[in-house]
Amino acid sequence: YGFKESNSIIAAMNWAKKNNLQAPFVAMGTSQGAFSSLLAAAKNPSIEAVIAENPFYSGQRILFEYPAMKWVPKFIKILAFKFLNIQIGTNIDDLDASKFLTKDFKTPVFLIHGTEDETISQKHSEDIFEILKNIQGSNTISKLWIVPNAKHQTEWNLDHKTYEKNVIEFLNKALDHAARLNEE
(Lines give C-alpha, C1' and ligand atoms only; values in the text may rest on other atoms or scores of the structure.)
Protein backbone atom coordinates (compact mmCIF):
# COMPACT_ATOMS: atom_id res chain seq x y z
CA TYR A 1 0.00 0.00 0.00
CA GLY A 2 2.94 2.37 -0.41
CA PHE A 3 4.82 2.34 2.89
CA LYS A 4 7.69 0.08 1.86
CA GLU A 5 7.74 1.55 -1.65
CA SER A 6 8.20 5.07 -0.24
CA ASN A 7 11.36 3.80 1.46
CA SER A 8 12.54 2.42 -1.89
CA ILE A 9 12.10 5.85 -3.50
CA ILE A 10 14.21 7.42 -0.76
CA ALA A 11 16.84 4.67 -1.08
CA ALA A 12 17.09 5.30 -4.84
CA MET A 13 17.51 9.02 -4.22
CA ASN A 14 20.17 8.39 -1.57
CA TRP A 15 22.00 6.09 -3.98
CA ALA A 16 21.94 8.82 -6.64
CA LYS A 17 23.35 11.36 -4.18
CA LYS A 18 26.05 8.93 -3.04
CA ASN A 19 27.06 8.42 -6.66
CA ASN A 20 27.22 12.17 -7.30
CA LEU A 21 24.21 12.30 -9.58
CA GLN A 22 22.88 15.81 -9.70
CA ALA A 23 19.65 17.00 -8.14
CA PRO A 24 16.86 18.00 -8.53
CA PHE A 25 15.01 14.95 -7.35
CA VAL A 26 11.41 14.53 -8.48
CA ALA A 27 9.16 11.62 -7.53
CA MET A 28 6.49 10.50 -9.98
CA GLY A 29 4.05 7.67 -9.59
CA THR A 30 0.63 6.45 -10.47
CA SER A 31 -1.96 4.87 -8.17
CA GLN A 32 -0.06 3.23 -5.30
CA GLY A 33 3.15 4.66 -6.75
CA ALA A 34 1.63 8.15 -6.50
CA PHE A 35 0.80 7.58 -2.84
CA SER A 36 4.33 6.23 -2.28
CA SER A 37 5.80 9.34 -3.93
CA LEU A 38 3.78 11.64 -1.66
CA LEU A 39 4.81 9.67 1.41
CA ALA A 40 8.49 9.68 0.34
CA ALA A 41 8.40 13.47 -0.10
CA ALA A 42 6.88 13.83 3.37
CA LYS A 43 9.71 11.72 4.82
CA ASN A 44 12.46 13.39 2.80
CA PRO A 45 12.27 17.08 1.83
CA SER A 46 15.14 16.60 -0.64
CA ILE A 47 12.44 15.51 -3.08
CA GLU A 48 11.75 18.85 -4.74
CA ALA A 49 8.52 18.01 -6.56
CA VAL A 50 5.96 15.21 -6.83
CA ILE A 51 3.80 14.22 -9.78
CA ALA A 52 1.01 12.02 -8.44
CA GLU A 53 -1.36 10.44 -10.95
CA ASN A 54 -4.46 8.75 -9.51
CA PRO A 55 -3.25 8.66 -5.89
CA PHE A 56 -5.37 7.22 -3.13
CA TYR A 57 -6.01 9.25 0.01
CA SER A 58 -5.60 6.42 2.51
CA GLY A 59 -5.16 2.69 2.64
CA GLN A 60 -8.32 2.30 4.68
CA ARG A 61 -10.38 4.43 2.30
CA ILE A 62 -9.25 2.55 -0.78
CA LEU A 63 -10.04 -0.78 0.88
CA PHE A 64 -13.54 0.31 1.81
CA GLU A 65 -14.28 2.15 -1.47
CA TYR A 66 -12.67 -0.21 -3.99
CA PRO A 67 -15.41 -0.97 -6.55
CA ALA A 68 -14.62 -4.68 -6.84
CA MET A 69 -15.16 -4.99 -3.09
CA LYS A 70 -18.56 -3.26 -2.86
CA TRP A 71 -20.37 -6.57 -2.46
CA VAL A 72 -18.13 -7.69 0.43
CA PRO A 73 -19.76 -7.29 3.86
CA LYS A 74 -18.19 -4.65 6.11
CA PHE A 75 -17.11 -7.14 8.80
CA ILE A 76 -15.11 -9.07 6.16
CA LYS A 77 -13.44 -5.82 5.08
CA ILE A 78 -12.52 -5.12 8.70
CA LEU A 79 -10.97 -8.60 9.01
CA ALA A 80 -9.11 -8.04 5.72
CA PHE A 81 -7.91 -4.73 7.09
CA LYS A 82 -6.47 -6.42 10.19
CA PHE A 83 -4.83 -9.10 8.04
CA LEU A 84 -3.27 -6.42 5.83
CA ASN A 85 -1.74 -4.78 8.90
CA ILE A 86 0.05 -8.05 9.64
CA GLN A 87 0.95 -8.73 6.01
CA ILE A 88 2.50 -5.34 5.25
CA GLY A 89 4.12 -4.99 8.67
CA THR A 90 2.67 -1.59 9.46
CA ASN A 91 -0.57 -0.12 10.67
CA ILE A 92 -2.57 0.64 7.55
CA ASP A 93 -4.23 3.49 9.48
CA ASP A 94 -0.89 5.32 9.17
CA LEU A 95 -1.17 5.20 5.39
CA ASP A 96 -3.32 8.30 5.34
CA ALA A 97 -2.50 11.55 3.55
CA SER A 98 -3.97 13.60 6.39
CA LYS A 99 -1.41 12.08 8.76
CA PHE A 100 1.75 12.81 6.77
CA LEU A 101 0.82 15.92 4.77
CA THR A 102 1.36 18.25 7.71
CA LYS A 103 2.28 21.92 8.05
CA ASP A 104 5.93 21.02 7.44
CA PHE A 105 5.19 19.61 3.97
CA LYS A 106 6.44 22.22 1.49
CA THR A 107 7.00 20.07 -1.62
CA PRO A 108 5.00 21.18 -4.68
CA VAL A 109 2.68 18.42 -5.90
CA PHE A 110 0.98 18.00 -9.27
CA LEU A 111 -2.09 15.81 -8.80
CA ILE A 112 -3.56 14.27 -11.96
CA HIS A 113 -6.81 12.31 -11.93
CA GLY A 114 -9.43 11.18 -14.43
CA THR A 115 -13.16 11.82 -14.14
CA GLU A 116 -13.95 8.23 -15.18
CA ASP A 117 -11.55 6.48 -12.80
CA GLU A 118 -13.49 3.52 -11.44
CA THR A 119 -10.57 2.21 -9.36
CA ILE A 120 -9.84 5.32 -7.29
CA SER A 121 -12.35 8.15 -7.33
CA GLN A 122 -11.11 11.60 -8.31
CA LYS A 123 -12.36 12.65 -4.86
CA HIS A 124 -9.13 11.18 -3.43
CA SER A 125 -7.02 13.69 -5.39
CA GLU A 126 -9.45 16.50 -4.62
CA ASP A 127 -9.17 15.77 -0.90
CA ILE A 128 -5.37 15.61 -1.05
CA PHE A 129 -5.34 18.94 -2.90
CA GLU A 130 -7.50 20.50 -0.18
CA ILE A 131 -4.91 19.46 2.40
CA LEU A 132 -2.12 20.90 0.26
CA LYS A 133 -3.93 24.23 -0.15
CA ASN A 134 -4.54 24.41 3.60
CA ILE A 135 -0.91 23.77 4.54
CA GLN A 136 0.87 25.50 1.64
CA GLY A 137 -1.34 28.57 1.40
CA SER A 138 -3.11 30.34 -1.43
CA ASN A 139 0.01 30.87 -3.55
CA THR A 140 0.91 27.21 -3.56
CA ILE A 141 2.61 25.83 -6.64
CA SER A 142 0.77 22.56 -6.08
CA LYS A 143 -1.83 21.91 -8.72
CA LEU A 144 -4.80 19.62 -9.39
CA TRP A 145 -5.65 18.62 -12.94
CA ILE A 146 -8.85 16.64 -13.43
CA VAL A 147 -8.76 15.01 -16.88
CA PRO A 148 -12.18 14.61 -18.52
CA ASN A 149 -13.08 11.08 -19.66
CA ALA A 150 -9.86 9.55 -18.29
CA LYS A 151 -10.01 6.18 -16.57
CA HIS A 152 -7.45 4.83 -14.12
CA GLN A 153 -3.93 5.38 -15.49
CA THR A 154 -5.12 6.55 -18.94
CA GLU A 155 -4.55 10.31 -18.66
CA TRP A 156 -1.43 10.33 -20.84
CA ASN A 157 -3.04 8.02 -23.41
CA LEU A 158 -5.96 10.40 -23.99
CA ASP A 159 -3.85 13.42 -24.88
CA HIS A 160 -0.13 12.96 -24.36
CA LYS A 161 0.77 16.40 -25.73
CA THR A 162 -1.40 18.23 -23.18
CA TYR A 163 -0.25 15.86 -20.44
CA GLU A 164 3.43 16.49 -21.21
CA LYS A 165 2.88 20.25 -21.55
CA ASN A 166 1.17 20.41 -18.15
CA VAL A 167 3.85 18.29 -16.46
CA ILE A 168 6.67 20.39 -17.93
CA GLU A 169 4.96 23.65 -16.91
CA PHE A 170 4.52 22.33 -13.38
CA LEU A 171 8.13 21.12 -13.15
CA ASN A 172 9.47 24.45 -14.40
CA LYS A 173 7.55 26.31 -11.68
CA ALA A 174 8.28 23.79 -8.94
CA LEU A 175 12.00 23.50 -9.65
CA ASP A 176 12.37 27.26 -10.05
CA HIS A 177 10.70 27.63 -6.66
CA ALA A 178 13.04 25.01 -5.16
CA ALA A 179 16.10 26.76 -6.60
CA ARG A 180 15.01 30.08 -5.05
CA LEU A 181 14.51 28.39 -1.67
CA ASN A 182 17.94 26.75 -1.88
CA GLU A 183 19.52 30.17 -2.51
CA GLU A 184 18.07 31.58 0.71
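**Here's the deal with the sheet that holds strand β3 (residues 109-114)**
Phase 1 of the analysis: Judged by pairing direction, the sheet is parallel, and its four strands sit side by side in the order β1-β2-β3-β4 without closing on themselves. Taken across any chain shown, the strands that pair with only one partner, and hence form the sheet edges, are β1 (25-30) and β4 (143-147). Averaged over all pairs of adjacent strands, the angle between strand axes in this sheet comes to 10°, irrespective of strand direction.
Phase 2 of the analysis: In the sheet, strand β2 (residues 47-53) pairs with β3 via four bridges, with the strands oriented parallel.

**Quick word on the confidence of the model for the protein**
Phase 1 of the analysis: Summing up the model confidence of the protein, the mean pLDDT is 87 and the portion of residues at 70 or higher is 93%.
Phase 2 of the analysis: In the model of the protein, helix α4 (residues 74-88) stands out as the element of lowest mean pLDDT, 74, in contrast to β3, which has the highest, 97.

**Thoughts on the pairing of β2**
Phase 1 of the analysis: The element β2 is largely enclosed, with a buried count of seven among its seven residues.
Phase 2 of the analysis: Where β1 lies against β2, six bridges are found, and the strand directions are parallel. Counted as the bridge partner of G29 is A52 from β2.
Phase 3 of the analysis: Of the crossover connections in this fold, the one passing from β1 over helix α2 (residues 32-43) to the parallel β2 is right-handed.

**Topic: the environment of A49**
Phase 1 of the analysis: Among the secondary structure elements, A49 is positioned in strand β2.
Phase 2 of the analysis: It is 8.0 Å that separates the C-alpha atoms of A49 and F110, two residues lying 61 residues apart in sequence.
Phase 3 of the analysis: Ignoring any residue separated from it by four or fewer positions in sequence, one finds A49 in contact with F25, V26, A27, T107, P108, F170, L171 and A174.

**A look at the pattern of salt bridges**
Phase 1 of the analysis: Throughout the structure, instances matching the rule amount to five salt bridges.
Phase 2 of the analysis: Linking D127 and K123 is a salt bridge whose minimum nitrogen-to-oxygen distance equals 2.7 Å. Pair noted here: D127 and K123 are both in helix α6 (residues 122-136), with a separation of four residues, about one helical turn.
Phase 3 of the analysis: Residue E130 is joined to K133 by a salt bridge in which the shortest nitrogen-to-oxygen separation is 2.9 Å. Placement of the pair is E130 and K133 together in helix α6, with a separation of three residues, close to one helical turn.

**Side note on the side chain of S31**
Phase 1 of the analysis: Summarising the element assignment, S31 is placed in the loop between β1 and α2.
Phase 2 of the analysis: In this structure S31 comes out as buried when scored by relative accessible area, which is 14%.
Phase 3 of the analysis: Once residues within four sequence positions are removed from consideration, S31 is found in contact with E53, N54, P55, F56, I120, H152 and Q153.

**Topic: the nonpolar core**
Phase 1 of the analysis: Core analysis: the largest hydrophobic core is formed by 33 residues, its most contacted members being V50, L101 and I128.
Phase 2 of the analysis: Take this core: its biggest share by element is six residues, from α2.
Phase 3 of the analysis: Membership of the second largest hydrophobic core comes to 11 residues, among which are A49, F110, V147 and A174.

**What about a nonpolar patch on the surface?**
Phase 1 of the analysis: Side chains of F75, I76 and L79 sit close together on the surface and give an oily, nonpolar patch of about 310 Å² of accessible area.
Phase 2 of the analysis: Here L79 shows up in helix α4.
Phase 3 of the analysis: Relative accessible area serves as the criterion here: at 53%, L79 is assigned to the exposed category.

**A look at α6**
Phase 1 of the analysis: Helix length check: α6, at 15 residues, gives a terminal C-alpha distance of 21 Å against a target of 21 Å (1.5 Å per residue), a fit within 8%.
Phase 2 of the analysis: Within α6 the residues assigned to the buried category are H124, S125, D127, I128, F129, I131, L132 and Q136.
Phase 3 of the analysis: If you follow the buried residues of α6, they end up packed against α2, α3 (59-65), α5 (97-100), β3 and β4.
Phase 4 of the analysis: The positive-phi residue at the C-terminal boundary of α6 is G137, with phi of around 90°.

Conventions and cut-offs
Residues numbered from 1 in each chain as written. Predicted model: local features only at pLDDT ≥ 70, side-chain atom pairs only at ≥ 80, totals over all residues. Heavy atoms only, no water. Pairing = 2+ DSSP bridges. Helix = DSSP H or I, 4+ residues; strand = E, 2+ residues; numbered from the N terminus. Axes fitted to C-alpha atoms, helices over the stretch in contact; angles between N-to-C directions. pLDDT = per-residue confidence, 0-100. Buried < 20%, exposed > 50% of the residue type's maximum accessible area, 1.4 Å probe, protein only. Right-handed = clockwise from strand over helix to strand, strands pointing away. Contact = heavy atoms within 4.5 Å. Salt bridge = Lys/Arg side-chain N within 4 Å of Asp/Glu carboxyl O. Core = buried A, V, L, I, M, F, W, Y, C linked by side-chain atoms within 4.5 Å. Patch = residues over 30% accessible without salt bridge, like charges linked within 9 Å, V, L, I, M, F, W, Y side chains within 5 Å. Areas by Shrake-Rupley, 256 points an atom, 1.4 Å probe, with all protein chains shown as cover. Expected span 1.5 Å × (residues − 1).

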